[in-house]
Structures are given as structure tokens and as C-alpha cells.
Amino acid sequence: MRIATWNVNSVKQRVPRLLPWLDERKPDVVCLQETKLSDEAFADLLAGPLAERGYTFAHHGQGQWNGVALLSRVGLADVERGFPGQPDFADRAEARAIGADCGGVKVWSLYVPNGREVDSDHYAYKLSWLDALAAHAASGPGDVALCGDMNIAPADADLFDPAAYVGHTHVTPRERERLAAFGLVDVMRERWPDERVFSYWDYRAGMFHQDLGMRIDLVLASGPVAGRVRATWVDRAARKGKLPSDHAPVIVDLDVAPDGDIGPVVPPPSRPARGRRGVTLPQGSR
DNA sequence: ATGGTGGAGCATCCA
């Protein structure tokens, strides 16, 4: 079973990239984030193309911001939109979490709040949001995979240059502690312990071209799921070419790949490290 | 060079 997670940064803009990518990679379960559509608009846009490809789907949207979805060819049962105790921001519920049983695994598509500035209201919201998620994720006895844009780099190795992020969100101990508190396995880092591997590159200043990115899109799996992993990689090809998202998909194969390949013969997930110091982070970049 | 891009949508806000 192949699971993928991808922050598409507007699924409407990304349709010409998403549909060929589904045909090429043939994921069984897809977690999308930042769809930026209402449920109705998502269905109008994608119900036909997804049905043609054998996917059922569930979307949790709020219009122009946020929005998460699950696509599945292995079943989509017990769909949950949001999770118990999920906090609001400014008294408004945001569409940042959708979960379902897909092929025996409870899969969550998550778009963790950005946090904006350390110690801002939005940062406090991010921490409380993660606390509530931990309480819910820990409550289930079954196999679980938390997938999505966590807006946290688990370690300094997940940054092109740790010095560029001093004082920024995404790297603070309080955020990283929340990730660790899930008690789940970061399957990408387990598979590639010493590789330079990023999933997000700012659109600005040629960051992707220079491979100046960060790894914030994660698959966090419970032990039994992590034990089934045969391959894990970042699909950097999806970040290239015309009108890409600023994130690349993260792909995880459990047991065997959908085309029968046994995995894990895949290229290293990113380029070798090139010493780059003193690069100024684009303002607002996360 | 103290900027630079892209998506929401129409004035800015967000990442």
C-alpha cells in the first residue's frame, strides 16, 4: 500500500500537476493539504477525475484558506473532520485535519498551524493544536499514520542552514517537543538517517534550484505501520517544471509498491549537501 | 541589490 502526503498550495491551481502525478505514482492513499476550496468546489473540480482513477475521497474545506483531503483506492471508512478537542483560532474552527480508516490504517491528513511568529497568538494556537492532536492520536489503539504539513522541522538536519532559522518558528524546542510527544516513528528519517532530505522550498530567490529547503512534511507512523515500510522518498520531480507547489510529495510504501516492485531501490531523496552559509531567509519564509 | 514568489482575490493577507 502506497501512502503519499502533499501540500498542494491550492488544488485548483495544481490540477494539471496532480492528475498526471496520480497516474504516474499510483498512490493508494493520498493526503492533501492547503486545498483552499470549499467541499462543494472540491467535489465539482475533482469528483469525476478521481472516480475515473478509482479513488473515493473526503474533503474538509473552508474556502480560500487551509483545507485538507483524503483520496483512497483501498477504502475510506469512519471519516472524521477535525479531531476531538481541536482548538479554534479567533473563535473560528479551521479545516486542518481529516482522518479515515484506509486499508486498515487510521490515516490523518494534517495541516498544522504555521505559528507565524514565536510567542504570537498563532504560535500558542499551534502548540495547543498539537497538544490536542497528541491526546487524540494517543487515544486510539489501532495502527495510525499522521501525515501532512507539520510546519515543524524535527531537527537541525532538516534545515538547509540552522543559522538561517534562529528566532523563527518551525524549529523551537516547544514545537519539536510536541512532535516527539506523539510517540510515533518519523519514517523518512528512519529510512534515511544521514541524508539531506527536504520537502519544502520557498518559491523565492531560487531556493529550490539551490536545494535550500526544509523537511516539514512528515509521515509519523505507529510501530506496526513503521515496521511495514519498504520505501520512503520525496518526489522532487513534482517540485520541478511548470506551476509546482512549493512542497513536494512524501511517498511511503507499506509491504510492496502498487506496481509490484519490492521497493526500496529509490534514489537518495535529495542532493548531497553543499556548504551554504549566510544565506538570508526570504522574509516570511517558513 | 536588504529584494526576490505564488495563491487567495481586488485590498491586502498568508505562507
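These numbers come from a predicted model, not from an experiment.

> Got a minute to help me understand the packing of helix α3 (residues 121–137) against helix α4 (residues 173–181) in this structure?
When two helices pack together, their arrangement is given by the angle between the helix axes and by the axis-to-axis distance. α4 packs onto α3 with a crossing angle of 15° between their chain directions and a minimal axis gap of 9 Å. In terms of axis orientation, α3 runs roughly parallel to α4. The hand of the α3/α4 crossing is left-handed. Touching Tyr123, Lys126, Leu127, Leu130 and Asp131 of α3 are Arg174, Glu175 and Arg178, all from α4. Considering only residue class, the contact of α3 with α4 consists of 3 nonpolar, no polar and 5 charged.

> Could you clarify how one ought to interpret unusual backbone geometry in this entry?
Negative phi is the rule for most residues except glycine; trans is the rule for most peptide bonds. Phi is positive for Ala90, which is not a glycine, with a value near 55°. Relative to the helices and strands, Ala90 resides in the loop between β5 (77–81) and β6 (97–102). The backbone of Asp211 shows a phi angle near 55°, a positive value even though the residue is not glycine. For Asp211, the position within the fold is in the loop between α5 (187–191) and β10 (217–221).

> Even after reading the chapter, I still don't get the UniProt feature "binding site: Mg(2+)" (unreviewed entry) in chain A, so can you show me in this structure?
When the UniProt feature table is mapped onto this chain, "binding site: Mg(2+)" (unreviewed entry) is found at Asn7, Glu34, Asp149, Asn151, Asp246 and His247. Their sequence span is 241 residues, while the largest C-alpha to C-alpha distance among them is just 13.1 Å; these annotated residues converge on one region. As for its position among the elements, Asn7 is in strand β1 (residues 2–7). The contact partners of Asp149, leaving out residues within four places of it in the chain, are Asn7, Gln33, Leu110, Tyr111, Val112, Ile216, Asp217 and His247.

> I would appreciate a short explanation of the environment of Glu190 in the present structure.
For Glu190, the position within the fold is in helix α5. Placed 14 residues apart in sequence, Glu190 and Arg204 show a C-alpha to C-alpha distance of 30 Å. The contact partners of Glu190, leaving out residues within four places of it in the chain, are Val185 and Ala226.

Calculation criteria
- In this numbering scheme, every chain counts its residues from 1 along its sequence in written order.
- Each chain takes a letter, starting from A, and each ligand takes a number, starting from 1, following the order in which they are written.
- Given that the model is predicted, a residue must reach a pLDDT of at least 70 before its local features are reported, and side-chain atom pairs must reach 80 or more before they are shown or counted; all residues, however, enter totals for whole chains, interfaces and linings.
- Working from all heavy atoms in the structure, the side-chain values ignore hydrogens and water.
- Axes here refer to lines fitted to C-alpha atoms; in helices the fit is confined to the stretch in contact. Angles between the N-to-C directions go from 0 to 180 degrees.
- A helix here means a DSSP run of H or I that spans at least four residues, while a strand means a run of E at least two residues long, and both kinds are numbered starting from the N terminus.
- Geometric relationships in this document are graded by angle, where less than 35 degrees denotes roughly parallel, more than 145 denotes roughly antiparallel, 65 to 115 denotes roughly perpendicular, and other angles denote oblique.
- Here a crossing is taken to be left-handed if its near helix is turned anticlockwise relative to the far helix by less than a right angle, and right-handed if that turn runs clockwise.
- Here, two residues are considered to be in contact whenever any of their heavy atoms come within 4.5 Å of each other.
- For this scheme, ten residues count as nonpolar: Ala, Val, Leu, Ile, Met, Phe, Trp, Tyr, Cys and Pro. Four count as charged, namely Asp, Glu, Lys and Arg, and the remainder, Gly too, count as polar.
- UniProt positions are given in the numbering used here, feature names are shortened, and annotations may be inferred rather than shown by experiment.

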